[in-house]
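Report on the structure
The residues making up each chain are set out below.
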Amino acid sequence: MLLLMRKRIGTFVVRIFALLLILGFGAWGIQDMLDYRVGGGGAVAEVGKSRLGPNQLYREVNQEIARLRPMFGNRLDMEMARRLGLVDAVLNRQIDTLATSESAAKLGVAVSDELVRSVIVAEPTFKALAGGFDRDRFQQVLQATGLSEAAYVEDVRQSVASQQVLASLAAGATAPRAWVEAVYRYREETRTAESVFVADKDSGSGAEPTAEQLQKFYDANKQTFTAPEYRTVRFVRLDAAELAKEVEVGEDAIKEAYERRADEFVTPEKRTVRQIIISDEAKAKTAANRLTEGADFLAVAKEDAGQEASTVELGEIVKGDLLGELADPVFAVKAGTVTAPIKSPLGWHIFQIVSVKAGGTQGFEQVREKLKIDLAHEKALDGLYELSNKFEDALGGGATIEEAAKQLNLKVEKVEAIDAAGLDRAGKAVAGLPAGPGFPALAFSTEDGADSTMTEAGENGFYILHVDKVTKPSLRPFEEVKAKVADGWKVAERRKSAESRAKAIVDAVNGGKVLADVLATTPLKAEVSAPLRRDGRGAGSAFDGKLVGELFAVTPGKAVMGRIGDGFRVAVLKDVKAADPAADKKGVEELEAALSQSLQGDVVRGLQVAYRDDVGVKVYRETMEQLFGKKQQ
């Protein structure tokens, strides 16, 4: 998208649009634009006497998108977040906090400055490398997120007040012991089954189908033998990598790039370091003397400073990771050295340099070829935007894709047949398509006889396509798919035979026979399952949820069956073992905690709804639409 936007900036229409935007900012004032002053005087919502500003909501929505983006393959954007309900979820969360905070104030709940300070100081985000609160880092984080210190402090105060009220009122909601034990007995009851697997491949006569059977199977499964819609497409790709091959890069430009990007080619020295911190100088000197005499560093850290190994190991660091007064002494000695105590505002530090990884600088000749390729690629990208504009201008002037391509000396490529999944008529992936997964979707969203929009092909190119022909789904002729029909008929017959054999075993067992006797004249072998629970624990791949559920609905000695993989499994309930809460104290306690937590969640939600009703909530949808776009009905 960024590539396409950069390219569009060069068009005449976008220049006009950009000019109108600039004039708009001048006419309305930048502050009004940033504050979204529409319904509600710029507020997204009013909660009692509190106002929820659009900037605060927008910032938290963006933070939530950033947190969740990896789960969506880095494709989660604001539009998708709105459609998934993420925006409304964040809005409701903020409203709940404000409503609870106001109700807390009515109840006389006050949050002291000292408590707010302790919460902020304990926040891991604001900690320095040595473990203490780092005010510079605190200010940097606030600046990066667009928060003032006063606004952040107030957010923390409201959040703490909300948590205190909700936690204190919900804490008493605990699951009754009788309920916990009843749920435990139901959930932890185990059943063991004796089972046998009847595979499709081992069933059936292996006979060849008759012509009549093939025709009947073909007629009954026409959807299976129907070809999907195919499209014949021509396309032109504009590829920066191809353009780069023709770009000449001068030696002076390469040297200039080397000087400009010099920092990229410098690898800083890295050291693996351990650290002991002691507040008292005398104690620090005593610890240093012990180390000089050969004492183990980790042992001294534990005994003299009360530090666990996890706080001693700083790992691999560069010079800039340390405070100024510590960096030079630590990076001035060789590997294996233990430094004398060094003073800083945090106390007295003793360092052990475990290992040293030397830094260095790559010379011009070492990176010359890389710089040349990078510069050629940059020039090719710039040329690409101009080329794509010319291509679109030619199409806008009435030229066909072929005519526009010929004018610009570009190649027209053709795909004879592609389906919506990107496969050809043989069911194989169409090769040689532009980068990215979107080509089939674009081909199927473009009308027959029309050109598509100019579309990004990864980060290094564009492509445009023209749909020449649409071949609608059609039933493949019988003779063309006769071999596949025969294969399908055989698969179906083997499945029917396996199902029949499995059902015969079930009927025999439920008729009073023992499973071992039923299988005596067959090559099938029975096996005893692990103890099974209702939620499928212990089932492995031999049972699915449906079959486990059926086993929990019958009495011992009875048989059930189900489709598992490429066959049918017959299971005979062998025994039932009741769960004993008294024998599993830990399990009962964990279940009680989970059920209590669920109850507390219900209480909290009920309280939040009541607090909303008590203080009154008004959401300004006009402001929401200004921020995130109108919600589709």
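Residues numbered from 1 in each chain as written. Predicted model: local features only at pLDDT ≥ 70, side-chain atom pairs only at ≥ 80, totals over all residues. Heavy atoms only, no water.

Some points on the pairing of strand E18 (residues 567-577)
In this structure, strand E3 (residues 190-199) lies alongside E18, joined through 10 bridges in antiparallel fashion. Looking across to E18, one finds that Arg 191 is bridged to Val 576. Here strand E17 (residues 559-563) pairs with E18 via five bridges, running antiparallel. When the sheet's bridge partners are listed, Gly 562 is paired in E18 with Arg 569. Remark: three residues form the turn of the hairpin made by E17 and E18, two consecutive strands paired antiparallel; Gly 565 in that turn has positive phi of roughly 60 degrees. (Pairing = 2+ DSSP bridges. Helix = DSSP H or I, 4+ residues; strand = E, 2+ residues; numbered from the N terminus.)

Notes on the nonpolar core
In this structure, Val 236, Leu 371, Phe 391 and Ile 464 are the most contacted members of the largest nonpolar core, which totals 29 residues. Sorting elements by how many residues they give to this core places helix H18 (residues 364-396) first, with 13 residues. Beyond its immediate chain neighbours, meaning those up to four positions away, Val 236 contacts Phe 391, Ile 401, Ala 405, Leu 410, Lys 411, Val 412, Phe 462, Tyr 463 and Ile 464. Of all hydrophobic cores here, the second largest spans 24 residues; its members include Val 44, Leu 57, Ile 65 and Met 624. (Core = buried A, V, L, I, M, F, W, Y, C linked by side-chain atoms within 4.5 Å. Buried < 20%, exposed > 50% of the residue type's maximum accessible area, 1.4 Å probe, protein only. Contact = heavy atoms within 4.5 Å.)

Here we look at the packing of helix H6 (residues 86-106) against helix H25 (residues 621-628)
Direction vectors running N to C along H6 and H25 enclose 130 degrees, while the axes themselves pass 12 Å from each other. Between H6 and H25, the angle falls in the class oblique. H25 is crossed by H6, and the crossing has right-handed handedness. Here Val 87, Asp 88 and Leu 91 of H6 come into contact with H25, specifically with Arg 621, Met 624 and Phe 628. In terms of residue class, the contact of H6 with H25 is built from four nonpolar, no polar and two charged. (Axes fitted to C-alpha atoms, helices over the stretch in contact; angles between N-to-C directions. Parallel < 35°, antiparallel > 145°, perpendicular 65-115°, else oblique. Left-handed = near helix turned anticlockwise from the far one by under 90°. Nonpolar A, V, L, I, M, F, W, Y, C, P; charged D, E, K, R; others polar.)

Brief notes about the sheet that holds strand E7 (residues 270-278)
Reading across the sheet, the four strands line up as E8-E7-E10-E9 and stay open at both edges, with antiparallel pairing between neighbours. Each edge of the open sheet is held by one strand with a lone partner, namely strand E8 (313-317) and strand E9 (342-344). This sheet shows a mean twist of 35 degrees between the axes of neighbouring strands, independent of strand direction. Two strands pair when backbone bridges link them, and E7 and E8 are joined in this way by four bridges, in the antiparallel orientation. Across the sheet, Arg 271 pairs through a bridge with Ile 317, a residue of E8. Sheet strands touched by helix H14 (residues 281-292): E7 and strand E10 (347-357). Its angle to E10, the strand with the most contacts, is close to 30 degrees.

Looking at the confidence of the model for the protein chain
In the predicted model, the protein chain carries a mean pLDDT of 84, and the fraction of residues at 70 or more is 89%. Within the protein chain, the lowest mean pLDDT, 33, falls on helix H3 (residues 30-35), and the highest, 97, falls on E17. For residues 1-40, every residue scores under 50 in pLDDT, and the model assigns this stretch 54 contacts once sequence neighbours within four places are set aside. (pLDDT = per-residue confidence, 0-100.)

Some thoughts on helix H10 (residues 177-188)
Look at H10: 16 Å from first C-alpha to last across 12 residues, which is about the 16 Å you get at 1.5 Å a residue. Within the span of H10, buried status applies to Val 180, Tyr 184 and Glu 188. Summarising the axial view, the buried residues of H10 lie within an arc of 40 degrees, below the 170-degree limit, and thus occupy one face. Exposed positions of H10 whose direction lies more than 90 degrees from the buried face are Ala 178 and Tyr 186. Here the buried face of H10 lies against E3 and helix H24 (585-615). (Expected span 1.5 Å × (residues − 1). Arc of directions from axis to C-beta.)

Some points on the packing of aromatic side chains
For the coordinates displayed, the defined rule picks out 11 aromatic pairs. An angle of 65 degrees between the planes, with centres 6.4 Å apart, marks the rings of Phe 217 and Phe 225 as edge-to-face. Through pairs of rings, three or more aromatic residues link up here, namely Phe 217, Tyr 218, Phe 225 and Phe 478. Note that Arg 231 overlies the ring of Phe 444, its terminal NZ or CZ placed 5.0 Å from the centroid. Cation over ring: Arg 534 sits above Tyr 186, and NZ or CZ is 3.9 Å from the ring centre. (Phe/Tyr/Trp six-rings, centres within 6.5 Å; stacked < 30°, edge-to-face > 60°. Lys NZ or Arg CZ within 6 Å of the ring centre and 35° of its normal.)

Points about the side chain of Asp 419
Structurally, Asp 419 is set in the loop between strand E12 (412-418) and helix H20 (439-445). There is no salt bridge for the buried Asp 419, and the closest opposite charge comes from Arg 476, which lies 7.3 Å off by N-O distance. A distance of 2.9 Å separates the side chain of Asp 419 from the backbone nitrogen of Ala 421, its partner in a polar contact. Non-local contacts of Asp 419, meaning those with residues more than four positions away in its chain, are made with Pro 228, Glu 229, Tyr 230, Pro 440 and Phe 444. (Lys, Arg positive; Asp, Glu negative; His and termini not counted. Salt bridge = Lys/Arg side-chain N within 4 Å of Asp/Glu carboxyl O. Polar contact = N/O pair within 3.5 Å; in protein donor to acceptor, adjacent residues only side chain to side chain.)

Digging into a nonpolar patch on the surface
Among the surface-exposed residues, Met 71, Phe 72 and Leu 84 lie close enough to one another that they form a single nonpolar patch of about 330 Å² accessible area. With respect to the helices and strands, the residue Phe 72 is situated in the loop between helix H4 (54-68) and helix H5 (78-83). (Patch = residues over 30% accessible without salt bridge, like charges linked within 9 Å, V, L, I, M, F, W, Y side chains within 5 Å. Areas by Shrake-Rupley, 256 points an atom, 1.4 Å probe, with all protein chains shown as cover.)

Observations regarding the environment of Val 548
In this structure, Val 548 sits in helix H23 (residues 545-551). Spatially, the C-alpha atom of Val 548 lies 9.7 Å from that of Ala 193, the residues being 355 residues apart in sequence. Those residues in contact with Val 548 that sit more than four places away from it in its chain are Arg 533, Arg 534, Ala 539 and Phe 543.

Regarding H25
Within the span of H25, buried status applies to Thr 623, Met 624, Leu 627 and Phe 628. Buried residues of H25, viewed axially, fall in a sector of 110 degrees; they line one side. Summarising the contacts, the buried residues of H25 are in contact with H4, H5, H6 and strand E19 (617-619). With its phi angle positive at about 95 degrees, Gly 629 sits one or two positions after the end of H25.

Observations concerning the sheet that holds E18
Strand order in the open sheet formed by four strands is E16-E3-E18-E17, and the pairing between neighbours is antiparallel. Looking at which strands have only one partner, the edges of the open sheet turn out to be strand E16 (527-528) and E17. Across the face of the sheet, helix H21 (residues 482-510) comes into contact with E3, E17 and E18 while running at roughly 165 degrees to E17.

A closer look at the pattern of salt bridges
Taken as a whole and judged by the stated rule, the model has 46 salt bridges. Of the charged contacts, one joins Asp 200 and Arg 563 as a salt bridge, the two residues approaching to 2.6 Å between their closest N and O atoms. One end of the pair, Asp 200, is in the loop between E3 and helix H11 (211-220); the other, Arg 563, is in strand E17, with 363 residues separating them in the sequence. A salt bridge links Glu 229 to Lys 472; its shortest N-O distance comes to 3.8 Å. Placement of Glu 229 in the loop between strand E4 (226-227) and strand E5 (230-239) and of Lys 472 in the loop between strand E14 (461-471) and strand E15 (474-475) is noted, with a sequence separation of 243 residues between them. Since its relative accessible area comes to 17%, Glu 229 is described here as buried. Since its relative accessible area comes to 55%, Lys 472 is described here as exposed. Ionic contacts of the salt-bridge type, sharing partners, join the residues Arg 187, Glu 188, Arg 533, Asp 535 and Arg 537 into one network.

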